[in-house]
Amino acid sequence: MARVPLRRQGGSLTEQPEVVRWAGQDGLARLLADYHLRTEAEKGNAVAGVDQLPDRYRAEVLDPRAAFTDAAVLVVLNDHTAVGCVVVTAPVDGRVEIKRLWTDPAFRGRGVATSLLRAALAHADRSTVRLSVWNWRVGAVALYERFGFTVTESWDDRDQLVCMERVVSPL
């Protein structure tokens, strides 16, 4: 996995955060909750809390270790607390999927998502990598396009979901 050195200036995260594999550090459940609650709100399904999330999303928040048993969960830490995350699924038919790329809003604009995506692609090795993103998340779509992802035929029938893919070349 690609490791980018964490550098601090005046106690704050800089442009090159360190990406590590999640090992139970604090903050992942909070990030997943924020991700799912924001997504539900953007879809027009605002919910008051985690207990009102759809079952599969609530399960991720309540027990990420069980929810992502076969996946790699990569995080960026700030003082041992996760401030950004991404999930890379185990390969199926030569493909891995990137899910749940999320950065704590207080840490946006500092290279967290870029570092996470770079590490996720390194973890994917020589696989085809796919992901889905809501079409209103134009910043995320632009990030994925900068990394060489292109829109592909949808494997998911949810309205407004954009499916993207790219092949990871050997280093």
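The coordinates are above.
These lines cover the structure that appears in this document, whether it is placed above or below. Note that the structure is predicted; figures quoted are calculated from it, not measured.

What counts and what doesn't
- Per chain, the residues get numbers from 1 upward, laid out in the order the sequence is written.
- The predicted origin of the model limits local features to residues at a pLDDT of at least 70 and limits the giving and counting of side-chain atom pairs to 80 or more, whereas totals for whole chains, interfaces and linings rest on all residues.
- Note that water and hydrogens are dropped before the side-chain values are worked out from all heavy atoms of the structure.
- Strands are runs of DSSP state E lasting at least 2 residues, helices are runs of H or I lasting at least 4, and numbering of each runs from the N terminus.
- To sort residues, take the accessible area from a 1.4 Å probe on protein chains only and compare it with the maximum for the residue type: under 20% means buried, over 50% means exposed, and anything in between is partly exposed.
- Between N or O atoms, a polar contact is any pair within 3.5 Å; within protein, one atom must be a potential hydrogen donor and the other a potential acceptor, and residues adjacent in sequence are included only when both atoms are from side chains.
- Any two residues whose heavy atoms approach within 4.5 Å are treated as being in contact.

**Details of the side chain of D104**
In step 1: Relative to the helices and strands, D104 resides in the loop between β6 (95-103) and α4 (112-124).
In step 2: For D104, a relative accessible area of 13% translates into the label buried.
In step 3: A polar atom in the side chain of D104 sits 2.8 Å from the backbone nitrogen of A106.
In step 4: In contact with D104, other than residues within four places in its own chain, are R30, L31 and V83.

**A word on unusual backbone geometry**
In step 1: In this structure, D93 takes a positive phi of about 55° despite not being glycine.
In step 2: Take D93: it is sitting in the loop between β5 (81-88) and β6.
In step 3: Owing to a relative accessible area of 75%, D93 belongs among the exposed residues under this scheme.
In step 4: One non-glycine residue, Q160, lies in positive phi territory at about 75°.

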